[in-house]
Amino acid sequence: MSTLVITDLHADVLTEDGPKQILKGVNLTINPGEIHAIMGPNGSGKSTLAYAIAGHPKYEITTGSVTLDGVELTELSVDERAKAGLYLAMQYPVEVPGVSVSNFLRTAKTALDGEAPKLRHWVKDVEKALEGMQLDKSFASRSVNEGFSGGEKKRHEIAQLELLNPKAAILDETDSGLDIDALRVVSDGVNRFAEKGDRAMVLITHYTRILRYIDPTFVHVFVDGHIVESGGRELADKLEANGYEEYTKAAAAAA
Ligand code: ADP
Ligand code: MG
Ligand code: MG
């Protein structure tokens, strides 16, 4: 059972001009089996939230805590956070030239489990995960993210979910740049992962369209570094109809 608890999280982005406060007190509890959609305008700090939780070196948590099954993540290295069961799918995934998808995934799996997966089973597991994302077998021998289309990157991210089987997953703009077919394949993969029932999932998105295929337990509106409203999927429908203006105006008035 996997519970992710974010408490009063404040974080800065470290810029050339010094630290700049972006997260201003984020509170969120994700219980096992829940999918939480975080929606907000560009620049509101959604990616910062993901990076801060994952331990990206350009972001500094100033106060607050993030726990996964009671383990404080903010005191751990990036690798240790992954080992504790956290997975972050990035808005801008990095290229790893010369490292094949297959080797990349095997190294990640070995780091997580503390031992290398048996090669025979592993090859089959990778093939199955790729097939689930409608990626060709040959994809396993390509260099990670090198020349991948937007859709291939996202499919690869979700194949990783299946293979690495983390306790908690944060997916940042998994829907951006996908055509309708890719959006379906990716959404189906996310749903398969969620159906395991004991995983905590955060889905960060700018658009409501992915929520036509993925049913969120809760929807949160994220503006100016924190959550300003929470609700069910009806909140996403309201955002689709009205946009974020009501919230950004209120945030500007309060500033
Ligand atoms: P979102 O994902 O919601 O679009 P981000 O977390 O990417 O928002 O960005 C939040 C804010 O932090 C924005 O105002 C952005 O300009 C600022 N920011 C992010 N990274 C940097 C950086 N490296 N240098 C300066 N400002 C940054
Ligand atoms: Mg952005
Ligand atoms: Mg972002």
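Here, every reference points to the structure presented above.
Nothing here was measured: the structure is a model prediction, and the numbers come from that model. (Residues numbered from 1 in each chain as written. Chains lettered and ligands numbered in written order. Predicted model: local features only at pLDDT ≥ 70, side-chain atom pairs only at ≥ 80, totals over all residues.)

Draft legend 1. Structural detail: the overall build of the protein chain. Looking only at helices and strands, the protein chain features eight helices and 12 strands. Relative to the compact-globule value of 18 Å for 255 residues, the protein chain shows a C-alpha radius of gyration of 18 Å, a close match. A principal-axis box enclosing the C-alpha atoms of the protein chain has dimensions of 60 × 40 × 35 Å. When contacts within the protein chain are restricted to residue pairs at least 6 apart in sequence, long-range pairs at least 24 apart make up 72% of them. (Helix = DSSP H or I, 4+ residues; strand = E, 2+ residues; numbered from the N terminus. Rg over C-alpha atoms; globule rule 2.2 N^0.38 Å. Contact = placed C-beta atoms within 7 Å.)

Draft legend 2. Region of the structure containing helix H4 (residues 119-132). The terminal C-alpha atoms of H4, which comprises 14 residues, lie 20 Å apart, in line with the 20 Å expected from a rise of 1.5 Å per residue. Once H4 finishes, Gln134 follows within two positions and takes phi at roughly 55°, a positive value. (Expected span 1.5 Å × (residues − 1).)

Draft legend 3. Representation of the sheet that holds strand S6 (residues 86-89) within the structure. The strand order S6-S9-S10-S3-S11-S12 describes an open sheet built from six strands, whose pairing is mixed. The sheet terminates laterally at S6 and strand S12 (226-231), the two strands that pair on one side only. Averaged over all adjacent pairs, the angle separating strand axes in this sheet is 20°, with direction ignored. Pairing of strand S9 (residues 168-172) with strand S10 (residues 200-205) involves five bridges; the strand directions are parallel. Within S10, the residue paired with Asp172 across the bridge is Ile204. Across the sheet, helix H7 (residues 233-242) lies against strand S3 (35-39), strand S11 (218-223) and S12, angled at about 45° from S11, the strand it touches most. (Pairing = 2+ DSSP bridges. Axes fitted to C-alpha atoms, helices over the stretch in contact; angles between N-to-C directions.)

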